[in-house]
Amino acid sequence: MSAAFSRVQIPPKEVYTCADYAALPEGAPYQLIGGKLVMTPSPSTRHQAILRRLGVKMANFVDEKGVGAVYFAPVDVYLQETAVYQPDIAFVSRDRFAIIEAEKINGAPDLVVEILSPSTAYYDLREKFKIYARCGVKEYWIVDPIEKSIELYTGKEGKFIQVARAEETGRVESGVLGGFSIELEEIFVDAP
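Values in this document were obtained by computation on a predicted structure and should not be read as measured data. (Residues numbered from 1 in each chain as written. Predicted model: local features only at pLDDT ≥ 70, side-chain atom pairs only at ≥ 80, totals over all residues. Heavy atoms only, no water.)

Novice: Sorry if this is basic, but what is going on with the sheet that holds strand E6 (residues 89–93) here?
Specialist: With mixed pairing, 6 strands are arranged side by side in an open sheet as E3-E6-E8-E9-E10-E11. Of all strands in the sheet, those with a lone pairing partner are strand E3 (68–72) and strand E11 (159–167), marking the two edges. Strand-to-strand twist in this sheet, taken as the mean axis angle between neighbours without regard to direction, amounts to 15°. In terms of strand pairing, strand E10 (residues 149–156) meets E11 through 8 bridges, oriented antiparallel. Across the sheet, Ile-150 pairs through a bridge with Ala-166, a residue of E11. Against the sheet, helix H3 (residues 45–65) engages E3, E6, strand E8 (111–115) and strand E9 (139–144), with an angle of about 170° to E3. Where helix H5 (residues 127–135) meets the sheet, its contacts fall on E8, E9, E10 and E11, and the angle it forms with E11 comes to roughly 120°. (Pairing = 2+ DSSP bridges. Helix = DSSP H or I, 4+ residues; strand = E, 2+ residues; numbered from the N terminus. Axes fitted to C-alpha atoms, helices over the stretch in contact; angles between N-to-C directions. Contact = heavy atoms within 4.5 Å.)

Next comes the structure, spelled out in structure tokens:
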């Protein structure tokens, strides 16, 4: 933890808002989930390796096709007055670039990827899952390093419907990024 952050005092509140979150120093290890400031520690090296493999493939595809922009955590995604998340990967289509601001993404990305970690899995599978759907994320990927699985959900009428799941082997294909697919064996390799 940086020396600057360790000197910052966060006043206790029942419900924190976007304004409270915005007042935190840059790099503060928090997300605003359900009006609570939830500390999110740095992810493991395994988590980072999976993020790098999947993220680079997705970013290269998006850049090659010129269809939008891919962002990696930590980037703030403002969804509601009491919800600011930092998804592992966020894709915003070119026609929605207006939601990309200098300091944040102000609205629901088209596609979000969350890689489960022990400290964040509950939120990724419950609270964030519901809010992403309600706020209009079109596609949600849940990547589980322990099960070596990827679940893919499509947003419909404020809810997610599971459209694909693969474990250890196989391929998942994005509906939002037409033509983009990933082989699980490429993502879940043991080497760093």
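Novice: How should the pattern of salt bridges be read in this particular structure?
Specialist: It is possible for side chains bearing opposite charge to pair when their charged atoms get close. Counted by the stated rule, this structure contains 10 salt bridges. The shortest N-O distance in the salt bridge between Lys-128 and Glu-114 comes to 2.9 Å. With Lys-128 in helix H5 and Glu-114 in strand E8, this pair connects stretches of sequence that are 14 residues apart. Accessibility assignment for this pair places Lys-128 and Glu-114 in one class, buried. Arg-165 is paired through a salt bridge with Glu-147; the nearest N and O atoms lie 2.6 Å apart. (Salt bridge = Lys/Arg side-chain N within 4 Å of Asp/Glu carboxyl O. Buried < 20%, exposed > 50% of the residue type's maximum accessible area, 1.4 Å probe, protein only.)

Novice: Help me out: how do you make sense of the environment of Phe-180 in this one?
Specialist: Relative to the helices and strands, Phe-180 resides in the loop between strand E12 (171–173) and strand E13 (181–183). By relative accessible area, which is 4% here, Phe-180 ends up buried. Each C-alpha atom of the pair Phe-180 and Thr-45 lies 25 Å from the other, and the pair is 135 residues apart in sequence. With sequence-adjacent residues up to four places away left out, Phe-180 is seen in contact with Leu-54, Lys-57, Met-58, Phe-61, Trp-141, Val-172, Glu-173 and Ser-174.

Novice: Before we go on, may I ask you to explain the side chain of Ser-181 in this structure?
Specialist: Residue placement: Ser-181 occurs in strand E13. A distance of 2.5 Å separates a polar atom in the side chain of Ser-181 from a polar atom in the side chain of Arg-171. Residues contacting Ser-181, with those up to four places away along its chain left out, are Arg-171, Val-172 and Glu-173. (Polar contact = N/O pair within 3.5 Å; in protein donor to acceptor, adjacent residues only side chain to side chain.)

Novice: Would you take a moment to explain H3 for this structure?
Specialist: For the α-helix, the turn length of 3.6 residues means that residues three or four positions removed from each other point alike. Here H3 spans 30 Å end to end across 21 residues, near enough to the 30 Å set by a 1.5 Å rise per residue. Tucked inside the fold, the buried residues of H3 contact E3, E6, E8, E9, E13 and helix H6 (184–187). Remark: Gly-66 follows H3 within two positions and exhibits a positive phi of approximately 65°. (Expected span 1.5 Å × (residues − 1).)

Novice: Honestly, the pairing of strand E2 (residues 36–39) in this entry has me stumped. Any pointers?
Specialist: Within a regular beta strand, the side chains point alternately toward one face of the sheet and then the other, so they alternate between its two faces. Across 4 bridges, the pairing between strand E1 (residues 30–33) and E2 is antiparallel. Looking across to E2, one finds that Leu-32 is bridged to Leu-37. The antiparallel pairing of E1 with E2 creates a hairpin that spans 2 residues between the two strands, and Gly-34 there sits at a positive phi of about 60°.

Novice: Can you walk me through the environment of Arg-165 in this structure?
Specialist: Turning to its location among the elements, Arg-165 is positioned in strand E11. For Arg-165, a relative accessible area of 38% translates into the label partly exposed. Sequence-wise, Arg-165 and Glu-151 are 14 residues apart; in three dimensions their C-alpha atoms are separated by 4.4 Å.

Novice: Help me understand unusual backbone geometry, please; the structure alone is not making it clear to me.
Specialist: In terms of backbone geometry, most residues other than glycine have negative phi values and most peptide bonds are trans. Cis peptide bonds are those with omega within 30 degrees of zero, and the linkage from Ala-73 to Pro-74 qualifies with 0°. By the secondary structure assignment, Pro-74 is in the loop between E3 and strand E4 (77–80). Unusually for a residue other than glycine, Lys-148 sits at a positive phi of about 55°. With respect to the element layout, Lys-148 can be found in the loop between E9 and E10. The class of Lys-148 is partly exposed, set by a relative accessible area of 25%.

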